[in-house]
Structure formats: C-alpha cells, structure tokens
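Architecture and fold: a report
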Amino acid sequence: MFRSFLVMSDAYLALEDGRVVEARGRVPGRTRGELVFTTAYTGYEESLTDPSYEEQVLTFSYPLIGNYGVRAERFESDRVHPRAAVAREFTEEVVEWLADEGVPAVDHLDTRDLVTSIREEGAMKVGIAVGEDVTPEDAKEELAQCKGMSDHVDIGAQVTTTELTTFEGDGDTTVALVDCGAKGSIVDSLVERGATVHVLPYDADAEDVTALDPDVLFISNGPGDPENYTATRELVEEFAGEVPLAGICLGQQIVASALGGTTEKMAFGHRGVNQPVRDLQTGKVVMTTQNHGYTVADPGDQLDVTQVNVNDDTAEGLASEELSVITRQYHPEAHPGPHDSLGFFDDVLAMAGTEGNERKPQVAPSD
Ligand SMILES: NC(=O)CC[C@H](N)C(=O)O
C-alpha cells in the first residue's frame, strides 16, 4: 500500500574509487560502511537481519527487492544490520520496514554498474547521504569518516547477546554457542534436532563454558575481521581436544586462526545463495548460502580442508578427527538459500557422541 509520508528525496553515494553515484532516496539519513553485494534473489528479510552485515552497506544485485512482503518470522535477529540498503527498486513495504528501523535506503541507480565496480576493484568504503537537501559533499564527508572492516576492533560487542540465554531441546546434547552475531536459524537448526543450546556472549571466558559442561563448543557466524575476536580465539585454544568444536563462517575462521591457521581478506567475498561447494571425500557438489569477506588462507597443521569452493578453491570446510572439529565457511542453516547442507548439524551432534542423534533426512522444514 502506498504511504504518502514516504517522500522521495535525493541520494548520493560517494565511493572509495572517487566516484559519486546519484540515486533516489527512499529512507533518509547519512551513513557509511563497506560496500558489498549479494546475488541472492530471495531472502532479503533474512539477509537484512543477518548480524554478519554489521558495518556494511548491502547492495542487492537482484533488481526488485520486497516482492513477497516483510514478515518478522523470517528475521534472523531482532534488527536490521547493514548500515544502508541499495537496490534497483525496493517495494514500499521494504521501505516502510527500513524507515521504521532508521536504516537509509536508496534505489533507482544502476546496481549492475555498482556490482561490476566491486567485482573489479574489491569491496570498498562508501559514504551515503539521503534527504531533501543533501549534497554530494555530504556523502563525501561520510566517506572520509568510514573505517575499514578490520579497524572495527570490537565489532562483536555490537551484535552479541549480553547475557547467557538457553533454548531447551528435547534430546541429550548440550551445545555452548558463542554468539559473535549468531543467526537465529543456527539455534533453530540445533534445537530442532534435540540439542539444548546455551547462547553465550562473544567474550565469554573458559569458566563460563566449563560451568555449562557442554558436549559441543560452537562458534557462530558474525561480522568483521576474525583476527579481532581475541577472547573467542582463546576459548578455542583452551577447549580444543577437550570438547568437540564446531563453527560456521566467522566461526570457521576463528577456529582456524586459534589452531595455527591464518585468515585473509578476499577482494569482494562471497555473498549469495548459489555458491558451489565440493566435498573432497565424496566429490559431491552442493549449492550453498554464503556471506563472507574473509577466508581461511592456511588451515595450519592441525586441521584438514574437507570442502572447497568450486569457483575459487577457497576453504569451505575444515575438520580434525583427532581434535573432533568440524567447521563450515558457508551457511548450512540456509535462511536464505538452499537446504542441501542442513546435514552439517546432524554431523555436529553425531560428533558430540551423545545418544539419540540419528541422521535426519535433509528436507526443507515446512513453514
Ligand atoms: N557470515 C559471517 O560469519 C562472516 C564472517 C566474516 N565477518 C567475514 O566477512 O568473512
């Protein structure tokens, strides 16, 4: 439904490469962040509420965003995380949602050109100014104040739970999930399989974890540079070999970094729902959901690469049989995206060695 308070306004995006792009303002405000793009054609509610997009400006390469509405049950967290949203065309419903959330939005610009620039020049800083009287200078001022992703040294504090929260499952496995910005679907995927999940702050210490006596220590996804998560890395160092370890996305990067590996920033990262991943043991390729800008460059001596990205050979899965570790760079929990790799959660619970964790068929849960 058209709401007349949504006055169209001017919008400027000042890019790190020196260009200023004009757009139609949909939600006013001034902001800045790392300009990234996702190729996902559905799942805008899930993407916009994924905490891993904190401090980024999310461009949708799919041209029409919002065509099946906005429903809170599809949210992955309790707020929108990107600093701003960019698309060729947003529907009124998405604009109203972003306005309620105070997140600037722009459309009616050539997003193909923007995506091509990011692919050629890499993820870049952007300053954005949206409003009735804004000028290109306002956007440039925002750009001048924009920090690089790795300079957000305590970004985990912006997205983590501040207190221990427990989600009860009806099985025997206890998971300690370190919340570096966890998507709700990770918790759901574990609880649906019977696990009781204790969600801990990102800076939890060894005592906090020991008090829960978990069967698995699970490191979540989250925003920013994995090297900045010092406390979380220390937890992994402390418990490796003592408690089975799992990780998703940032979680994989932190686990690798803690166990002697290295991470690095990619040129423009992987963001979308059709990234092909090959399992090195079975040779099978599955389509996966991804959202990351860093990657594990070297897994170190203790971890094996078990899965790779078909497009660029980057590490998509790591494991250590000896230490009981399995991690994924992609998002097995989907939301958005394909459910082909939900079996990861069965593997994690099987690794815990507790009773009643039979492998479940990898079918889409009914909504
Ligand atoms: N989804 C995530 O966990 C993202 C991980 C990390 N912040 C990256 O960009 O690589």
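Residues numbered from 1 in each chain as written. Predicted model: local features only at pLDDT ≥ 70, side-chain atom pairs only at ≥ 80, totals over all residues. Heavy atoms only, no water.

Some remarks on the site of the ligand
- Every one of the 13 residues lining the ligand counts as a neighbour, but Gly222, Gly224, Asn291, Gly293 and Tyr294 are closest to it.
- The contact in question runs from a nitrogen atom of the ligand to an N or O atom on the backbone of Gly224, over 2.7 Å.
- Of all the cavities here, the one that holds the ligand is the largest cavity.
- Among the secondary structure elements, those contributing two or more residues to the shell around the ligand are α9 (250-258) and β16 (285-298).
- Sort the elements by how many residues they give to the shell around the ligand and β16 lands first, with four residues.
- Taken together, the residues of the shell around the ligand break down into four nonpolar, nine polar and no charged. (Near = heavy atom within 4 Å. Polar contact = N/O pair within 3.5 Å; in protein donor to acceptor, adjacent residues only side chain to side chain. 1 Å grid on protein atoms, 1.4 Å probe; cavity = no way out; pocket = protein on both sides within 12 Å on 5 of 7 lines; lining within 4 Å. Sits in = over half its atoms within 2 Å of the grid points. Helix = DSSP H or I, 4+ residues; strand = E, 2+ residues; numbered from the N terminus. Nonpolar A, V, L, I, M, F, W, Y, C, P; charged D, E, K, R; others polar.)

Some details on unusual backbone geometry
- Residue Pro336 is reached from His335 by a cis peptide bond, and omega for that bond is 5°.
- If you trace the backbone, Pro336 turns up in the loop between β19 (325-328) and α10 (343-352).
- In this model, Glu55 sits at a positive phi of 70°, which is unusual for a non-glycine residue.
- For Glu55, the position within the fold is in the loop between α1 (44-48) and β4 (56-60).
- Of note in this structure, Asp313 is not a glycine but carries a positive phi near 70°.
- Relative to the helices and strands, Asp313 is located in the loop between β17 (304-309) and β18 (315-320).
- Residue Asp313 is classed as exposed on the basis of its relative accessible area, which comes to 59%. (Buried < 20%, exposed > 50% of the residue type's maximum accessible area, 1.4 Å probe, protein only.)

Let's talk about the domain arrangement of the protein chain
- With domains assigned, the protein chain is organised as domain 1 (9-147) and domain 2 (156-352).
- Computed from C-alpha atoms alone, the centre-to-centre distance between domain 1 and domain 2 is 27 Å.
- Contacts between domain 1 and domain 2 engage 25 residues on the former and 20 residues on the latter.
- Interface of domain 1 and domain 2: buried area, both sides summed, is about 1,800 Å²; carbon and sulfur atoms make up 49% of it.
- Area buried by domain 1 at its contact with domain 2 is led by Pro51, Ser52 and Glu76, which between them contribute 29% of it.
- On the surface where domain 1 and domain 2 come into contact, there are one salt bridge.
- Lys265 is the salt-bridge partner of Glu34, the closest N and O atoms lying 2.6 Å from each other.
- Every element with two or more residues in the side of domain 1 that touches domain 2 is listed here: β3 (29-38), α1 and α3 (111-121). (Domains from an automatic or database assignment. Contact = heavy atoms within 4.5 Å. Buried area = accessible area lost by both parts, 1.4 Å probe. Salt bridge = Lys/Arg side-chain N within 4 Å of Asp/Glu carboxyl O.)

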